[in-house]
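Report on the structure
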Amino acid sequence: MEEQIQELLNSIPQGVTYTTFPEELEPEDISQERIEGLKKLLTHEDVFIELSAAQLLCAWGIDEGFRALIQLYEAGKAEGYFTHRLHGYEGTAEQLLWVLLCYQSTKEEISEEAGEKARLQIRPYVKQLLQKVHNPEQWEKWVCAANALQKTF
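Quick caveat, the model's predicted, so the values are computed rather than measured.

**A few points about the overall build of the protein**
- Per the secondary structure count, the protein includes seven helices and zero strands.
- Along the protein, helices and strands appear, N-terminal first, in the series α-α-α-α-α-α-α.
- Counting over 153 residues, the protein shows a buried share of 45%.
- Sequence separation of at least 24 residues holds for 54% of the intrachain contacts in the protein that already meet a minimum separation of 6.
- Working note: accessible area of the protein is about 9100 Å², and carbon and sulfur atoms make up 49% of it.

What follows is the structure, given as structure tokens:
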């Protein structure tokens with residue numbers, strides 16, 4: 001079972017050479033079977049597995065992943081799992097911020113309307129997370145530049 005969970009959370013499909021990060025997979029490279037398997041992990045007893053599945057689904061623009069991620073964040077269950085590997089500070093805010101921006105970006109690829117809806121959904125959380133990130137100035141510039149929103153967050 002553990003091997004199957006790791007496969008769902010971390011694998012890159014055979015033949016994919018454009019990334020080594022599952023969050024960056026293109027929709028055509030994500031099987032429905034994998035999505036369904038990850039959705040089942042959203043109720044796993046291990047919060048880290050639940051959080052990891054939510055992050056991946058959210059990055060892929062899957063609404064169930066977004067909702068699960070926000071529930072974990074609001075319940076305070078997302079804290080303490082991500083430490084910056086070089087500097088040792090708590091990196092949860094950065095991890096969540098990055099995934100939320102991926103969610104919006106993925107939705108924008110679907111349609112302008114879906115992208116706008118996602119931007120409005122993530123907006124309050126982006127504001128909160130920008131107050132918690134290690135280097136807020138750098139993140140604010142990146143958020144504004146990446147979304148061409150110029151301080152709309």
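Once you've had a look at it, read on.
**Remarks on the nonpolar core**
- Residues Leu-38, Leu-41, Trp-60, Phe-66, Leu-69 and Leu-100 are the most contacted members of the largest nonpolar core, which totals 42 residues.
- Contributing elements (two or more residues each) for this core: α1 (2-10), α2 (32-41), α3 (47-59), α4 (63-74), α5 (92-110) and α6 (112-130).
- Contact partners of Leu-100, with chain neighbours within four places excluded, come to Cys-58, Phe-66, Leu-69, Ile-70, Ile-122, Tyr-125 and Leu-129.

**Focus on the state of the cysteines**
- Evaluated as defined, the whole model comprises zero disulfides.
- Its sulfur unpaired, Cys-58 is 8.3 Å from the next cysteine sulfur, which belongs to Cys-102.
- On the accessibility criterion, Cys-58 (0% relative accessible area) is buried.
- For Cys-102, a relative accessible area of 17% gives the class buried.

**Some points on α3**
- The terminal C-alpha atoms of α3 lie 18 Å apart, and with 13 residues this matches the ideal 18 Å at 1.5 Å per residue to within 8%.
- Counting buried residues in α3 gives eleven out of 13 residues, a clear majority hidden from the surface.
- The set of residues buried in α3 consists of Ile-49, Glu-50, Leu-51, Ser-52, Ala-53, Ala-54, Gln-55, Leu-56, Leu-57, Cys-58 and Ala-59.
- If you follow the buried residues of α3, they end up packed against α1, α2, α4 and α5.
- Here α3 starts with a cap whose side-chain oxygen sits 2.9 Å from the backbone nitrogen of Phe-48, and that cap is Asp-46.

**What about the pattern of salt bridges?**
- Here the structure, examined in full by the defined rule, presents four salt bridges.
- Note that Glu-36 and Lys-39 form a salt bridge whose closest N and O atoms lie 3.6 Å from each other. With a gap of three residues between them, Glu-36 and Lys-39 both fall in helix α2, about one helical turn apart.
- A salt bridge links Arg-119 to Glu-116, with the nearest nitrogen and oxygen atoms 2.8 Å apart. Here Arg-119 and its partner Glu-116 are both found in helix α6, three residues apart, which amounts to about one turn of the helix.
- When salt bridges that share partners are traced, they join Glu-36, Lys-39 and Glu-64 into one network.

Criteria and thresholds
Residues numbered from 1 in each chain as written. Predicted model: local features only at pLDDT ≥ 70, side-chain atom pairs only at ≥ 80, totals over all residues. Heavy atoms only, no water. Helix = DSSP H or I, 4+ residues; strand = E, 2+ residues; numbered from the N terminus. Buried < 20%, exposed > 50% of the residue type's maximum accessible area, 1.4 Å probe, protein only. Contact = heavy atoms within 4.5 Å. Areas by Shrake-Rupley, 256 points an atom, 1.4 Å probe, with all protein chains shown as cover. Core = buried A, V, L, I, M, F, W, Y, C linked by side-chain atoms within 4.5 Å. Disulfide = S-S within 2.5 Å. Expected span 1.5 Å × (residues − 1). Polar contact = N/O pair within 3.5 Å; in protein donor to acceptor, adjacent residues only side chain to side chain. Salt bridge = Lys/Arg side-chain N within 4 Å of Asp/Glu carboxyl O.

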